[in-house]
Amino acid sequence: MFLQRLNPASFSCALKELGAHPIGQAIMAQKAQLLSFKITNLPLSATLILKQEALRVGAELATPKNCILAREKVYDCLLVGTLDQLKHLTQKCAKQDFGLKKLAKELETHFTPPQVAPTLMGIVNVTPDSFYPNSRFEPKSALEQIYKYLEQKIAYIDIGAASSRPGSLYIDANTEIARLKELCAEIKSQSLYKHAKFSIDTYNPKTAAFALKHGFCVLNDVNGFKDPFMFSVAKEFGVQVVLMHSLGVPLQAQQQLTANNLWEDMEAFFRAKIAALQEQGMSDIILDVGFGFSKQMPENLALIKHLAHFLHFGYPLLVGCSRKKSVGEVCAREVQDRLAGTLALHLKALENGASILRVHDIPAHLDILAIHNAFLQIP
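Enquirer: I tried to follow unusual backbone geometry on my own but got confused; where do I start?
Expert: Excluding glycine, a negative phi dihedral is what most residues carry, and trans is how most peptide bonds are arranged. Backbone geometry places F225, a non-glycine residue, at a positive phi of 55°. Here F225 lies in the loop between β7 (218-221) and α9 (228-237). Positive phi is not limited to glycine here, since S294 has a value of about 60°. Looking at where S294 falls in the secondary structure, it is placed in the loop between β9 (285-288) and α11 (297-305). Relative accessible area serves as the criterion here: at 4%, S294 is assigned to the buried category.

Laid out in structure tokens, this is it:
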């Protein structure tokens, strides 16, 4: 006899290799997926009921030690259990009052995350002031970079003509369009859009419309659709949109989110913006957690560590940590030496649910994609 410990993430592959019955595989795989949740401000009555019901299905609800005295009206709790256990728990909670019906519905959204094969988005900045010098291109060199991406079969190519780095200044649409004109003409005349999805990175609706008329099919608004005209442009062209959490482009005075309000703020932001897009008939959405935008290094790392939270919205997740300030703060590296830290963060992001990585360094990221995909196939 030999006992080998397995990574729980490989249990489904191991079941398949073992030759278990397909129905049995589906049932047993749910028993190997461990999920945990933090619940804040849960009413006392709901806390006591949830504790009891969790224990009945084999899960656990951790509460503060003074909860046994029942002196507070609400409590923060930690819920943990297998997917199978939590599915049974939601069935029980759906029959209860005190807010447990609502909790059951929210839990259910976390049970079936979107299944999207991970891919890359290559960056092309037609700007003189992007924070990473090697990503700054003139029109001619930008075209060379685009053709290189096409040779590498990169799924998305994200082109921007206005920097959103900290301290950058607002760039008007006419300036952006002047910088983009030559690229857009080539993309349209040579039908390059047939070989990759071109994404326009802008906060100006006029710029977005110009690019979309030239074969771009993705609208990446770093301002988080603050401008209502951006909704109109997206609807008119029927494009895929990247909805990034942002409190505004860097030129605007903005608060820095902290751990105390990060999750609730982002949850409210995504709910409101998704609803607004859906009201306009748009459902082809990618969510971007806005790594580095109005967030400090601890918050940025927390976003990557708990990225799977945002899968409950049901949309693919885009992550862009490439060579950003937080990487430098953790690794004590200047921007030109942040590739290794970037790769480590992006691999963690893939493991935690990211579908698209927005990157500067394509060859190195193709390698981590290959490693990530190979791991998924190993029992």
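The rest of the description comes next.
Enquirer: Is there a simple way to think about the packing of aromatic side chains in this case?
Expert: The description of two aromatic rings rests on the distance between their centres and on the angle between their planes. Following the criterion strictly, the structure yields 7 aromatic pairs and no others. Residues F270 and F310 carry aromatic rings whose centres are separated by 5.8 Å and whose planes lie at 75° to one another, so their mutual orientation is edge-to-face. Placement of F270 in helix α10 (residues 262-279) and of F310 in the loop between α11 and β10 (317-319) is noted, with a sequence separation of 40 residues between them. Taken individually, F270 and F310 each receive the classification buried, so the pair is uniform in this respect. Geometrically, the ring pair formed by F270 and F313 is edge-to-face, given 5.8 Å between the ring centres and 65° between the ring planes.

Enquirer: What is the right way to read the packing of helix α13 (residues 339-351) against helix α14 (residues 362-377) from this model?
Expert: The axes of two packed helices give the description: the angle between them and the distance between them. Taken N-terminus to C-terminus, the directions of α13 and α14 make an angle of 35°; their axes are 10 Å apart at the nearest point. Crossing of α13 against α14: the hand is right-handed. In this structure, α13 uses L339, T342, L343, H346, L347, L350 and E351 to contact α14, whose residues at the interface are A364, H365, I368, L369 and H372. For the contact of α13 with α14, the per-class residue count stands at 7 nonpolar, 4 polar and 1 charged.

Enquirer: Would you mind showing me how to read the pairing of β9 here?
Expert: Side chains on a regular strand alternate between the two faces of the sheet. In β9, alternate side chains face the same way, and those of I285 and L287 on one face and I286 and D288 on the other are all buried. Of the pairings in the sheet, the one linking strand β8 (residues 240-244) to β9 comprises 4 bridges and is parallel in character. Bridged to M244 within β9 is D288. Pairing geometry for β9 and β10, over 2 bridges, is parallel. Following the sheet pairing, D288 is matched in β10 by L318.

Enquirer: I tried to follow helix α7 (residues 173-189) on my own but got confused; where do I start?
Expert: Residues spaced three or four apart along an α-helix point in a common direction, a consequence of the helix completing one turn every 3.6 residues. Look at α7: 22 Å from first C-alpha to last across 17 residues, which is about the 24 Å you get at 1.5 Å a residue. Along its length, α7 reaches its greatest deviation from straightness, about 50°, at L180. All buried positions along α7 are accounted for by A173, E176, I177, L180, L183, C184 and I187. Residues of α7 that are buried sit in contact with α6 (139-151), β5 (156-160), β6 (197-202) and α8 (205-212). Between a side-chain oxygen at the N-terminus of α7 and the backbone nitrogen of N174 the separation is 3.0 Å; the capping residue is D172. Remark: S191 follows α7 within two positions and exhibits a positive phi of approximately 55°.

Enquirer: Would you mind showing me how to read the sheet that holds β9 here?
Expert: Whether parallel or antiparallel, the strands of a sheet pair through hydrogen bonds between backbone atoms. Taken in spatial order, the 8 strands of this closed barrel run β4-β5-β6-β7-β8-β9-β10-β11, and their pairing is parallel. Strand after strand, the sheet turns through a mean of 25° between neighbouring axes, direction not considered. With 4 bridges joining them, strand β4 (residues 119-125) and strand β11 (residues 356-359) adopt parallel strand pairing. When the bridges of β11 are listed, T119 appears paired with I356. Each of β8 and β9 touches α10; the most contacted strand, β8, lies at about 155° to it.

Enquirer: I'm lost on the sheet that holds strand β2 (residues 60-62) in this one. Help?
Expert: Pairing is antiparallel across the open sheet formed by 3 strands, whose spatial order is β1-β3-β2. Either end of the sheet is taken by a strand with one partner, and the two such strands are β1 (34-43) and β2. When strand polarity is set aside, the average angle formed by the axes of neighbouring strands in this sheet is 25°. As paired elements, β2 and strand β3 (residues 74-82) share 3 bridges and run antiparallel to each other. Bridge pairing links A62 to L78 in β3. Packed onto the sheet, helix α3 (residues 44-57) meets β1, β2 and β3 and runs at close to 155° relative to β1.

The rules we used
Residues numbered from 1 in each chain as written. Predicted model: local features only at pLDDT ≥ 70, side-chain atom pairs only at ≥ 80, totals over all residues. Heavy atoms only, no water. Helix = DSSP H or I, 4+ residues; strand = E, 2+ residues; numbered from the N terminus. Buried < 20%, exposed > 50% of the residue type's maximum accessible area, 1.4 Å probe, protein only. Phe/Tyr/Trp six-rings, centres within 6.5 Å; stacked < 30°, edge-to-face > 60°. Axes fitted to C-alpha atoms, helices over the stretch in contact; angles between N-to-C directions. Left-handed = near helix turned anticlockwise from the far one by under 90°. Contact = heavy atoms within 4.5 Å. Nonpolar A, V, L, I, M, F, W, Y, C, P; charged D, E, K, R; others polar. Pairing = 2+ DSSP bridges. Expected span 1.5 Å × (residues − 1). Bend = angle between axes of the 7 residues up to and from the residue. Polar contact = N/O pair within 3.5 Å; in protein donor to acceptor, adjacent residues only side chain to side chain.

Limitation: the analysis is restricted to geometry and does not speak to function.
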